[in-house]
Amino acid sequence: MVLEIVFWAAAGLIVYAHLGYPLLLWLMAALFGEGEVSPDPQGELPSVTLIIPAYDEEEVIERKVANARALDHPPDHLEIVVASDGSSDRTAELARAAGADRVLELPRGGKVAALNQAVMEASGAILAFSDANSYWHPDALRRLVDRFADSRVGYACGQVRFEGGEGGNQEGIYWRYEMAVRSMETRLAGITAGNGAIYAVRREAYIDLDPSRGQDIGFPFELTKRGWRAVYEPTAVAEEKMAPTVEGEFRRKRRMMWGLWDVMLKWGMLDPRGYGPGYALEIYSHRLLRYLTPWLHLIALAANATLLGDGWVYVLTMGVQGAVLLAALLGRFIPALPFRIAYYYVTVTASIAVGLWDRLRAGSVPIGWEKVEGTR
């Protein structure tokens with residue numbers, strides 16, 4: 001009896017995390033959420049500083065600065081700052097030649113430390129941020145900035161469209177699912193995570209995070225606790241190359257997950273103080289349960305194996321779990337989409353557990369980072 005409860009609880013939480021929560025979110029957003037209202041900015045456009053952190057990005061930095069210069073925003077209201085985090089190549093030189101307003105040559109201190117320093121020297125009322133290999137559509141900045149016409153908004157992120165994946169990476173499919181969820185979260189209580197490719201923060205809402213943290217996972221909940229709204233703007237689009245293979249995506253996510261549990265426990269993501277009921281539901285459903293899925297899968301598999309003699313339903317559920325694992329194994333070698341999706345899901349889920357192992361083994365979260373293009 002106890003094993004049955006354990007199995008069905010674990011299986012039910014997995015299904016809820018991936019399917020039940022989006023359905024519940026859709027219902028709650030429809031009943032209690034804000035409507036899809038187009039921003040209606042009034043008066044003069046605000047001044048914007050676009051900050052580009054870079055580490056050994058000589059291959060892409062000229063194109064990135066040119067892309068920033070081509071954005072649909074008055075040039076006299078747009079400052080472009082490249083924060084070179086101890087680059088050993090020609091990143092700083094090429095950024096200047098490409099037309100960046102300011103290039104900061106900083107000692108190696110990590111991405112977040114570079115961003116914090118750049119903000120101290122920025123002049124814009126809105127602080128926009130972008131990775132060096134993320135290229136914005138011409139109207140992306142305007143769309144993003146329009147969100148701040150709502151005085152409640154402290155953070156806004158845009159949509160990332162991934163290119164590539166010829167080696168089997170299904171990150172693009174995952175992000176389409178993720179963006180749909182974020183659209184509904186925006187209507188209800190605000191998003192629980194952003195992305196490094198395209199986002200902006202109201203200057204008075206910006207906070208200096210510890211260099212071991214990430215802004216994409218830290219800012220939305222931190223600003224929500226401080227009374228701001230964190231939103232997703234799907235019409236602000238950036239394009240970025242994804243890691244061509246699932247193995248490359250695994251390495252990228254493993255690094256991301258290294259500091260995940262510090263964010264949830266040490267830095268207070270799971271502390272409900274400052275959250276409304278809707279945002280607390282989002283944090284515990286979208287973040288906590290999602291990050292518990294490796295262990296929920298292991299619990300469900302072990303309990304199911306023990307229950308195999310207790311009826312045909314457990315034979316069926318074991319067959320389903322076995323089929324997913326077999327499909328994931330075949331997806332390593334066979335390019336059929338269902339197999340590739342299974343391989344991606346199992347590999348990325350495993351990265352959460354491996355990231356925690358890295359954290360426990362190392363005893364701290366590293367502040368270093370690799371150049372973007374090399375990891376995509």
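For the structure itself, look to the data block above.
Residues numbered from 1 in each chain as written. Predicted model: local features only at pLDDT ≥ 70, side-chain atom pairs only at ≥ 80, totals over all residues. Heavy atoms only, no water.

Asks: Could you clarify how one ought to interpret the sheet that holds strand β4 (residues 126-129) in this entry?
Replies: Note on sheets: strands pair through backbone hydrogen bonds, and any given pair is parallel or antiparallel. A sheet is described by the order of its strands in space; here eight strands give the open sequence β3-β2-β1-β4-β7-β6-β8-β5, paired in mixed fashion. Each having just a single partner strand, β3 (102-106) and β5 (135-136) make up the two edges of the open sheet. Packed onto the sheet, helix α7 (residues 215-225) meets β4, β6 (153-163), β7 (199-202) and β8 (229-241) and runs at close to 150° relative to β6. (Pairing = 2+ DSSP bridges. Helix = DSSP H or I, 4+ residues; strand = E, 2+ residues; numbered from the N terminus. Contact = heavy atoms within 4.5 Å. Axes fitted to C-alpha atoms, helices over the stretch in contact; angles between N-to-C directions.)

Asks: Teacher, can you tell me more about unusual backbone geometry here?
Replies: Comment: phi is negative for the bulk of residues other than glycine, and the bulk of peptide bonds are trans. Of note, the phi angle at D56 is positive, near 55°, even though the residue is not glycine. Tracing the backbone shows D56 in the loop between β1 (48-54) and α2 (61-69).

Asks: Please explain the pattern of salt bridges as it appears in this structure.
Replies: Side-chain pairing between opposite charges can occur once the charged atoms of the two side chains come close. Applying the stated criterion to the full structure yields 20 salt bridges. Of the charged contacts, one joins R90 and E93 as a salt bridge, the two residues approaching to 3.0 Å between their closest N and O atoms. Overall, R90 belongs to the partly exposed group, its relative accessible area being 43%. On the basis of relative accessible area, E93 is assigned to the partly exposed category, the value being 45%. Across the salt bridge formed by D262 and R359, the nearest N and O atoms sit 2.6 Å from each other. (Salt bridge = Lys/Arg side-chain N within 4 Å of Asp/Glu carboxyl O. Buried < 20%, exposed > 50% of the residue type's maximum accessible area, 1.4 Å probe, protein only.)

Geometric values such as these leave the question of function open.
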